[in-house]
Amino acid sequence: MRKLLLLVLVLITGVVFAGRLFYLQVYDTSFQKLSENNAIKVIYDYPQRGYIYDRNGELLVSNQPSYDVMVIPRDLVAFDTLEFCGLLKMNKEDLVKALEKAKNHSPRLPSPIIPQLTKAEYAYLSEKMHKYKGFYILKRSLRDYQIDHSANVLGYIAEADNKIIKKNPYYQMGDLLGKQGVEMQYEEVLRGVKGVKYIQKDRFNRDIGPYKDKAFDTIPERGKDIKLTIDAVLQEYGEKLMANKRGGIVALEPATGEILALVAAPNYDPSLLVGRERSKNFTKLWYDTISKPLFDRVLQGEYPPGSPFKALTALIGLQEGVIDTEETVSCYGGFRYGRNRKLGCHAHRSPLSMQAGIANSCNAYFCTVYKRTIEKYPTPQEGIDNWRNHLLSFGLGDFMGYDLPSGRPGKIPSAKTYNAVYQYPTYKWYATATISNAIGQGEVLLTPMQMVNFTAAIANRGWYYKPHIIKNISGADTIPSIYRKKYQTTIDREHFDPVIAGLFDVYNYGTAAHLQVPGIEICGKTGTAENYTRVNGERVQLTDHSVFIAFAPKDDPKIAIAVFVENGYWGSRWAGRIASLMIEKYIKGEITRKDLETFILNGSLEEEYAKPYSDEPFKINQ
Amino acid sequence: MARGRGFVRLDWFTIIIYLALVGIGWINIYSASLDDSATGFFDMSQIYFKQLVWICLSLVLIIFILALEAKFYERFSSIIYIVSLVTLLGLFVFGKNVNGATSWYVLGGFSIQPSEFAKAATALALGKYIGDMQTNIKEFKHQLRAFIIIALPALFILPQPDPGSALVYAAFIFPMYREGLHFFYLLLGFFLAALFISTLAFGVVWVSLGIVLICGLIYFRNRKRKKTKVINYLMVAAVCIGFSLSVNYIFNNVFEQRHRDRFNIVLGKETDAKGIGYNTNQSEIAIGSGGWTGKGWTQGTQTKGNFVPEQQTDYIFSTVGEEWGFLGSIVVVILFVALIVRVLFLAERQKSQFSRVYGYSVGAILFVHFFVNVGMVTGLLPTVGIPLPFFSYGGSGLWGFTILLFILIRLDASNSYYA
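Residues numbered from 1 in each chain as written. Chains lettered and ligands numbered in written order. Predicted model: local features only at pLDDT ≥ 70, side-chain atom pairs only at ≥ 80, totals over all residues.

From N to C terminus, chain B includes 17 helices and 3 strands. For chain B, the residues scored as buried account for 44% of the 419 residues in total. Excluding contacts between residues fewer than 6 apart, the proportion of contacts in chain B whose partners are at least 24 apart in sequence is 70%. (Helix = DSSP H or I, 4+ residues; strand = E, 2+ residues; numbered from the N terminus. Buried ≥ 20, exposed ≤ 12 C-beta atoms within 10 Å, placed from the backbone. Contact = placed C-beta atoms within 7 Å.)

Structure (C-alpha cells):
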C-alpha cells in the first residue's frame, strides 16, 4: 500500500490530464473560434451620426470632431519630453504616469494619453506630431449641441455597456449609442451602419493585409438626419418660463399630433453630457434626488389630473344620454351622497347648466353626471367599465405609443380595481364609492402627455393622432405609419360643442378670465390637484399642484397645451399663466403682456420646494 | 536483471525520456519566444539561444555528476545541504530582485536561482537522515527532525517571496510516508496546505465560515453514533481558525507590500489586468484551439500574438497544446507519467534506504511540479507559478532538475555495490 500511493496518484493525474486535454482540444470546439477572434483583427469604420433639426429646419444637434492623442508604447522612441509636454500643456509627471498606464494596459495596443483636444490645440500639435514616433492623433466624432435646451427631448449618447452588447451584437465595447430621448428612439436611423474591415495578422501579430481579399468587408453608411416636430423657439421659451419651477409643459398640434414643445423642469444643458466632463456632470445630475433633473415629468410623472378631467366627465355624460346641455344641477356648497357625506365645492351661483358648470368648475354638477353615468347600468361594475372604455378611447391609461423611450401608463381604474379594493363579492360597492373620479381626483392618474392628448382630441371634436416627435427622416421622407392613423374617440361629434363652449367661458368669465389673450379665442380649464408626501414617515399634505389645459384658437385649433406646475397652488396661478404665454408666443410670435411675462420668468417656487426638507412645521397653500 | 558495466549500467530508459523532454521543451521555447527582434539564429540575446546554451552545458554537468563516486552523494549530503541553506540565506544579503522576488544571484551575465538546487540537496539530506540506522521514522522525535530538514529550505524560500517553490517541499511527505510515516500526516499536510492557500485566496472570513460549517456538519452527523463532546469540535475549529488568522496576520503585518504583490501574482490576484482568470483563459484558448493535431510548429496564432503571459516559462505547455494539438500534448503527458513511474520503479529497486528515499523524493518532486503546472495551464487548478520540469525556460530550473534526476541515475548505476 505504501509503495502504491504515489504511483496511483501519478497514473490518476495522467488520466485526468488526458481527459481534460481531450475536452479542451477535441470535444469543445468553441476555443477554435475564440482563437480566430484573437488572430484576425477587426477594424470598424464609424460613420457620422445624423443631424437633428427642429420643425422649422433650425439645426439643433450636429457633430464636432474631437482629437485624442494616442500612444502605442512598443513603438515609442526616445523623444524630447520637455517640448512634448509644452505642446500638450501637461507636466512631465503626468506624462510619465500616463505612459506607464498605457504600457500596463498593453504595449502593442493604442491607449489614449490625452483625450479630447480642442481644435486649436489639435491644429498646433498636428504639425509637430511626426517628430514623436509611437504617438498619433485619433479623430472621433462627438455631439455638438447648437442649443442649450431640450435635453430631455434629445437625450444623450454614451458608451455601450455590457448589457447592451450582450443583447445587440451590433455594438462593441467603446461604441457610442443613444441612451435617452430621440437619440435612443431613433438610434438606428441616426447612427447609420458602421463599416467593417477584417485584417489578417501574422505570427508576429503584424497586419499583413485584408482577410480573404476583403470578401467580408463592408462600407460605412452615414447616419440619416432627422427633423423633429419640436418648435425650438417655443421649446426654449417654455424652458425659460419654467425656470425655478418643477413640472412640465407639453404642446401638440391637434391636427397632426405633432409635439410642438415638451418641457420638463428642471432641465439641464445637453452640452454637459459631452466631452471630458461628461461623467462628472452625469453623476451630479443622477444623484440630484430632490429636483430629479433626469426625470421627465411630462412623460413619467403620473398625477391626479384635477378639474380638467371634468370636461371628459361631461362628454361621457352626454354620450351616455344621462344629461343634456339644458338641465341644471343645484349645488349646496358641494355634492351630498350617503348620510353626512359631502364632496365640497367653492362658492358660485347655483343652479348651473353644463356650460356654466364647466366655466365655474362646479363639483356638484360633475359628481351628479358621473353618478348617473355609472348608475345607468344594472351594476356599478358594468358602469365603471363602460366609463373606462370611453376614457381609453382618448388614449388614457396606456403608454400611448408616442416615439420617445420613457413613459408611464397612468391609471384609469376598472371594475377589477374596485372589486379588489372593496373585496367584492364579500362586500358590495356603489358609484358613490368612486365619486372622486368625477372631478379627476380619486384613482385616476394621468401624465401631462395624456392630458394634452385628450385636450387635442377635444379640440379636434372627437379624434386625434398619436403624439409624435418625428417630422421626417431624410432620404426616406416618411414617418412610422402609426402616426398617420386617425384615432376616433367613442364620443359623437355633436357633444363636443357644448363642452368647448364651457371651456371657452372659462376664459370669458370663469376661473381664467384674467388670462385672456387679445385676439385669440382660447378654450381652457384650470385644475388644482391635492397631493401628499412623506416627511419622516408621516403623510403630509403639500401645496396643491397647479394644472392647466388649453387649446386655441377655438374653431381652428393650432395648439393644444397642458401645463403642470408642482406645488404651484391654484390652476391659474402658475400653470394658467404659463399656458396663455405659450399660446400667445406660438400663435402671435411675440408677447404683448410684458408684466405677466416678467412675473413668470422671475417667479420661483424654490422656497415652496424647500419646505418639506426644512425639518420644521410649514404651512401650505399660501 | 542482467546488468553490465560502465555506461551499460546507466538506466537508458530514463535518460532517453529526459532527452526527449528537454528536446521537445526547447522546440517549444523556440516557437514561443520567436519574434521579429531576432537578428539570426545565433543571436545571443534570444531566449531560445540562451536555453540552448544551458542545455549544452547541462550535458557537461551530467558527465560530471556521473563521473563522481556514488558514495560521494551520501557522504557529502550533509555538507551539500548546509551549503544549499547558506546560499538561500545569502540571498537576503546579496540577492537580486527580479519581478518582485529576491530569488537570484547575479554573477557576470548569469542569474542563478539557488532554490532550484536546494530541492536536490534536501532530498539528499532527507535520504541520509532516514537512511541512518538509528533513525526510526515512526518515532515522533525523528519525525520532527525530518520535518525540520524539509522545512528549513522551504522557510528560507517562502519570504523571498516565492511561495510556489516553497510549496514544492510538500512533496517530501510522499517519501516519508513510503518509509513509514502515519497516513494521518498526509491528511494533515493536505489540509493545512488547503487552508493556507484558501486563506490567501478567499480571506479569513470565508475560510472561518467554511471551517465552522464543516465542523458543524461533521458534529451533527456523528452526534448520534459516537459520544463525542462538542468541546472537541470547537477546539478543532478554533485551531483551524487560529491558523488561518495567523496566516492572514503574517501576510498583512509581517510581509512588506512587495512580498504581498508577489503572493498575489502567484495566486493570480494581481496579473489579472484584464479580468478574472485572464491567464488561465488565454491558456485554455491556446490549448483548445489546437484541435487534434495542432496548428503546426511556429504556426500557433495565440503563441505568436503573445496572448498567453509567461508562455516560455510557466505556461510553456500551452504552446505544446496549440501547435501540436491533442496528439502532441498527450505524448508529453505520457512522457512525464512514464518518467515519474520509471523513477519510482528505480527508487523501489534501490537496496539502500538512502537511495530509495532519494529516488522517491525525485519522483514526488517531479510529480508535484507536473501536477501543479499542467493543472494550472489547463485550468484545473488555481494559478500557482512553478515551472514544468525540463520544459520551462530557465537555466537554474533545467540544471536543478538535471542534477536531481542524474544523481538518482548515478546511484542506481552503483546499486549493486550496496548490500
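Summing up its helical and strand segments, chain A has 22 helices and 20 strands in all. A total of 622 residues make up chain A; the buried ones form 39% of that total. For chain A, contacts bridging at least 24 residues in sequence account for 71% of all contacts bridging at least 6.

Moving on, we come to the sheet that holds strand β18 (residues 523-535) of chain A. Residues and elements named next belong to chain A. The strand order β12-β11-β20-β19-β18 describes an open sheet built from 5 strands, whose pairing is antiparallel. On the outer flanks of this sheet lie β12 (258-265) and β18, each paired with one strand and no other. Across this sheet, the average inter-strand angle for adjacent strands is 10°, counted without regard to direction. Along the sheet, helix α20 (residues 575-588) contacts β11 (247-253), β12, β18, β19 (538-552) and β20 (559-565); its crossing angle with β20, the most-contacted strand, is approximately 150°. (Pairing = 2+ DSSP bridges. Axes fitted to C-alpha atoms, helices over the stretch in contact; angles between N-to-C directions.)

Attention shifts here to helix α5 (residues 114-131) of chain B. With 18 residues, α5 of chain B should reach 26 Å at 1.5 Å per residue; the first-to-last C-alpha distance of 25 Å fits that figure. Burial within α5 of chain B is extensive, with 17 of its 18 residues counted as buried. (Expected span 1.5 Å × (residues − 1).)

With 121 residues, the main nonpolar core has Ala 251 and Ile 561 of chain A as its most contacted residues. Among the elements that line this core, the one with the most residues is helix α18 (residues 448-459) of chain A, at 8 residues. Taken together, domain 1 (42-228) and domain 2 (232-613) of chain A each give at least three residues to this core, which thus spans both. Residues within four places of Ile 561 of chain A in sequence aside, it is in contact with Ile 249, Ala 251, Val 452, Ile 549, Ala 550, Ala 579, Met 582 and Ile 583 of chain A. Of all hydrophobic cores here, the second largest spans 97 residues; its members include Val 308, Tyr 358, Phe 367 and Val 368 of chain B. (Core = buried A, V, L, I, M, F, W, Y, C linked by C-beta atoms within 7 Å. Domains from an automatic or database assignment.)

This paragraph deals with the pairing of β18 of chain A. Residue and element names in this part refer to chain A. Examined bridge by bridge, β18 and β19 share 12 bridges and lie antiparallel to one another. Paired with Asn 531 across the two strands is Leu 542, which belongs to β19. The hairpin formed by β18 and β19 contains 2 residues between the paired strands, and Asn 536 there has a positive phi angle of roughly 50°.

So, on to the packing of helix α1 (residues 12-33) of chain B against helix α2 (residues 47-67) of chain B. Residues and elements named next belong to chain B. Where α1 meets α2, the closest approach of the two axes is 8 Å, and the angle between their N-to-C directions is 160°. Of the possible angle classes, the one that applies to α1 and α2 is roughly antiparallel. For the element pair α1 and α2, the recorded crossing hand is right-handed. Contacts between α1 and α2 involve Val 22, Trp 26, Ile 29, Tyr 30 and Ser 33 from the first element and Ile 47, Tyr 48, Gln 51, Leu 52 and Ile 55 from the second. Residue classes in the contact of α1 with α2 are distributed as 8 nonpolar, 2 polar and no charged. (Parallel < 35°, antiparallel > 145°, perpendicular 65-115°, else oblique. Left-handed = near helix turned anticlockwise from the far one by under 90°. Nonpolar A, V, L, I, M, F, W, Y, C, P; charged D, E, K, R; others polar.)

A few words on the environment of Gly 527 of chain A. Residue and element names in this part refer to chain A. By the element assignment, Gly 527 lies in strand β18. Here Gly 527 falls in the buried class, since 31 other C-beta atoms lie within 10 Å of it. Along the backbone, Gly 527 and Gly 571 are 44 residues apart, and their C-alpha atoms lie at a distance of 4.6 Å. Residues contacting Gly 527, with those up to four places away along its chain left out, are Pro 305, Gly 306, Ser 307, Pro 308, Gly 440, Val 547, Phe 548 and Gly 571.

Time to look at the sheet that holds strand β2 (residues 101-107) of chain B. Residue and element names in this part refer to chain B. What the 3 strands build is an open sheet, ordered β1-β2-β3; its pairing is antiparallel. Every other strand in the sheet has two partners, leaving β1 (96-98) and β3 (110-112) as the edge strands with one partner each. Put simply, the sheet's adjacent strands are angled 50° from each other on average, direction ignored. The sheet contact formed by β1 and β2 spans 2 bridges and is antiparallel. Looking at the pairing, Val 98 lines up with Ala 101 of β2.

All names here are of chain A. Of all 7 residues in β11, 7 are buried; the element is thus mostly enclosed. With burial as the criterion, each face of β11 is covered, one bearing Gly 247, Ile 249, Ala 251 and Glu 253 and the other bearing Gly 248, Val 250 and Leu 252. Strand direction decides the pairing type here: β11 and β12, joined by 7 bridges, are antiparallel. Bridging across to β12, Gly 247 finds its partner in Ala 265. Joining the antiparallel neighbours β11 and β12 is a turn of 4 residues, in which Gly 257 adopts a positive phi near 80°.

So, about unusual backbone geometry. Residue and element names in this part refer to chain A. Cis geometry marks the peptide bond from Tyr 424 to Pro 425, where omega comes out at 5°. Counting through the fold element by element, Pro 425 comes out in the loop between α17 (415-422) and α18. The omega angle of the peptide bond from Ala 552 to Pro 553 is -15°, so this bond is cis rather than trans. Inspection of the secondary structure puts Pro 553 in the loop between β19 and β20. One non-glycine residue, Asn 567, adopts positive backbone phi at about 55°. With respect to the helices, strands and loops of the structure, Asn 567 is situated in the loop between β20 and α20. Phi at Tyr 569 is positive, roughly 75°, even though this residue is not glycine. As for its placement among the helices and strands, Tyr 569 is situated in the loop between β20 and α20. Looking at Tyr 569, the number of C-beta atoms within 10 Å reads 19, which means it is partly exposed.

Let's shift gears to the environment of Leu 125 of chain A. Residue and element names in this part refer to chain A. Within the secondary structure, Leu 125 is located in helix α5 (residues 119-126). Residue class for Leu 125 comes out partly exposed when judged on the 19 C-beta atoms lying within 10 Å of it. Measuring from C-alpha to C-alpha, the distance between Leu 125 and Leu 87 comes to 6.6 Å, with 38 residues separating the pair along the chain.

So, on to the environment of Gln 172 of chain A. Residue and element names in this part refer to chain A. By secondary structure assignment, the location of Gln 172 is in the loop between α7 (162-167) and β7 (176-178). For the pair Gln 172 and Asp 161, spaced 11 residues apart in sequence, the C-alpha to C-alpha distance is 8.8 Å. The residues contacting Gln 172, other than those within four sequence positions of it, are Tyr 44 and Ile 165.

Next up on the list: the packing of helix α16 (residues 353-377) of chain B against helix α17 (residues 395-413) of chain B. Residues and elements named next belong to chain B. Closest axis-to-axis distance for the α16/α17 pair is 10 Å, and the angle between their directions is 150°. It follows that α16 is roughly antiparallel to α17 by the angle criterion. By crossing handedness, the relation of α16 to α17 is classed as left-handed. Residues Ser 355, Tyr 358, Gly 359, Val 362 and Ile 365 of α16 touch α17, and the partners they reach there are Leu 404, Leu 405, Leu 408 and Leu 411. Classifying every residue of the contact of α16 with α17 by side-chain character gives 7 nonpolar, 2 polar and no charged.

The next point concerns the confidence of the model for chain B. Residue and element names in this part refer to chain B. Residues at a pLDDT of 70 or more form 87% of chain B, whose mean pLDDT is 84. Taken together, the stretch residues 271-276 has pLDDT below 50 and engages in 7 contacts with residues farther than four places along the chain or on a different chain. In the predicted assembly, ipTM is 0.88 and pTM is 0.57. (pLDDT = per-residue confidence, 0-100.)

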